[in-house]
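# Architecture at a glance
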Amino acid sequence: LRRDGVSGVVTVKCTIDVQGNVTEPEVEKSTNPAFDQPALTALKKWKFKPAKQDGTPIAIKVSIPIKFVFES
(Lines give C-alpha, C1' and ligand atoms only; values in the text may rest on other atoms or scores of the structure.)
Protein backbone atom coordinates (compact mmCIF):
# COMPACT_ATOMS: atom_id res chain seq x y z
CA LEU A 1 0.00 0.00 0.00
CA ARG A 2 2.87 2.36 0.76
CA ARG A 3 4.32 1.69 -2.67
CA ASP A 4 0.97 2.62 -4.24
CA GLY A 5 0.62 5.78 -2.12
CA VAL A 6 -2.49 4.57 -0.29
CA SER A 7 -3.43 6.31 2.97
CA GLY A 8 -6.26 5.62 5.38
CA VAL A 9 -7.69 5.74 8.88
CA VAL A 10 -8.76 2.89 11.14
CA THR A 11 -10.76 3.66 14.28
CA VAL A 12 -10.29 1.01 16.95
CA LYS A 13 -12.48 0.71 20.03
CA CYS A 14 -10.84 -0.92 23.00
CA THR A 15 -10.49 -0.87 26.75
CA ILE A 16 -7.52 0.66 28.55
CA ASP A 17 -7.20 -1.40 31.73
CA VAL A 18 -6.02 -0.27 35.18
CA GLN A 19 -2.39 -1.01 34.21
CA GLY A 20 -2.66 1.05 30.99
CA ASN A 21 -2.73 -1.98 28.69
CA VAL A 22 -4.95 -2.21 25.60
CA THR A 23 -7.55 -4.98 25.86
CA GLU A 24 -10.40 -6.10 23.62
CA PRO A 25 -9.32 -4.12 20.53
CA GLU A 26 -11.90 -4.18 17.74
CA VAL A 27 -12.12 -2.26 14.47
CA GLU A 28 -14.96 0.23 14.73
CA LYS A 29 -14.59 1.72 11.23
CA SER A 30 -12.01 1.72 8.51
CA THR A 31 -11.35 3.50 5.22
CA ASN A 32 -9.43 0.50 3.89
CA PRO A 33 -9.70 -3.06 5.28
CA ALA A 34 -6.03 -3.70 4.41
CA PHE A 35 -5.09 -1.41 7.33
CA ASP A 36 -7.26 -3.20 9.92
CA GLN A 37 -4.82 -5.89 11.05
CA PRO A 38 -1.75 -3.61 11.13
CA ALA A 39 -3.74 -1.14 13.26
CA LEU A 40 -4.78 -3.86 15.73
CA THR A 41 -1.24 -5.24 15.89
CA ALA A 42 0.25 -1.80 16.57
CA LEU A 43 -2.33 -0.88 19.19
CA LYS A 44 -1.68 -4.07 21.18
CA LYS A 45 1.91 -2.86 21.69
CA TRP A 46 0.92 0.56 23.02
CA LYS A 47 0.90 1.44 26.71
CA PHE A 48 -1.25 4.21 28.16
CA LYS A 49 -1.45 6.07 31.43
CA PRO A 50 -4.63 4.64 32.99
CA ALA A 51 -7.65 6.83 33.64
CA LYS A 52 -8.29 7.70 37.25
CA GLN A 53 -11.42 8.26 39.26
CA ASP A 54 -10.97 9.80 42.71
CA GLY A 55 -7.24 9.08 42.39
CA THR A 56 -7.73 5.36 41.71
CA PRO A 57 -6.84 3.83 38.30
CA ILE A 58 -9.89 2.55 36.40
CA ALA A 59 -10.52 0.73 33.14
CA ILE A 60 -12.12 2.86 30.43
CA LYS A 61 -13.49 2.21 26.94
CA VAL A 62 -12.12 4.46 24.20
CA SER A 63 -12.08 4.83 20.42
CA ILE A 64 -8.68 5.56 18.92
CA PRO A 65 -8.16 6.71 15.31
CA ILE A 66 -4.96 5.40 13.72
CA LYS A 67 -3.83 7.20 10.57
CA PHE A 68 -1.80 5.55 7.85
CA VAL A 69 -0.23 8.32 5.78
CA PHE A 70 1.83 8.01 2.64
CA GLU A 71 4.76 10.41 2.54
CA SER A 72 7.09 10.49 -0.43
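As shown above, the structure is provided for reference.
Because the structure is predicted, anything quoted here is derived from the model rather than measured.

This part takes up the environment of Lys52. Along the chain, the position of Lys52 falls in strand β3 (residues 51-53). Remark: the alpha-carbon pair of Lys52 and Val18, spanning 34 residues in sequence, is separated by 8.5 Å. With residues up to four places along the chain from it excluded, the contact list for Lys52 reads Pro57 and Ile58.

Moving on to the environment of Thr11. By the secondary structure assignment, Thr11 is in strand β1 (residues 8-16). Here the alpha-carbon distance between Thr11 and Leu43, two residues 32 residues apart in the chain, equals 11 Å. Among all residues touching Thr11, those that are not within four sequence positions of it are Glu26, Val27, Glu28, Lys29, Ser63, Ile64 and Pro65.

Below, the discussion takes up the nonpolar core. One finds Val10, Val12, Cys14, Ile16, Val22, Phe35, Ala39, Leu40, Leu43, Ile64 and Ile66 forming the largest nonpolar core, which totals 11 residues. Counting residues per element, the ones that place at least two in this core are β1, α1 (36-45) and β5 (60-68). In terms of residue count, the dominant contributor to this core is β1 (4 residues). Once you skip the residues sitting within four places of it in the chain, Leu40 turns out to touch Val12, Pro25, Glu26 and Val27.

A word on the pattern of salt bridges. Opposite charge on two side chains lets them pair, provided their charged atoms get close. Applying the stated criterion to the full structure yields 2 salt bridges. Across the pair Lys13 and Glu26 runs a salt bridge, and its minimum N-O distance is 3.8 Å. Of this pair, Lys13 sits in strand β1 while Glu26 sits in strand β2 (residues 22-30), placing them 13 residues apart in sequence. The class of Lys13 is partly exposed, set by a relative accessible area of 35%. Note that Lys61 is salt-bridged to Glu24, the shortest N-O span being 3.8 Å. A residue pair is termed long-range when its members are at least 10 positions apart, and Lys61 in strand β5 and Glu24 in strand β2 qualify at 37 residues.

The rules behind these values
Residues numbered from 1 in each chain as written. Predicted model: local features only at pLDDT ≥ 70, side-chain atom pairs only at ≥ 80, totals over all residues. Heavy atoms only, no water. Helix = DSSP H or I, 4+ residues; strand = E, 2+ residues; numbered from the N terminus. Contact = heavy atoms within 4.5 Å. Core = buried A, V, L, I, M, F, W, Y, C linked by side-chain atoms within 4.5 Å. Buried < 20%, exposed > 50% of the residue type's maximum accessible area, 1.4 Å probe, protein only. Salt bridge = Lys/Arg side-chain N within 4 Å of Asp/Glu carboxyl O.

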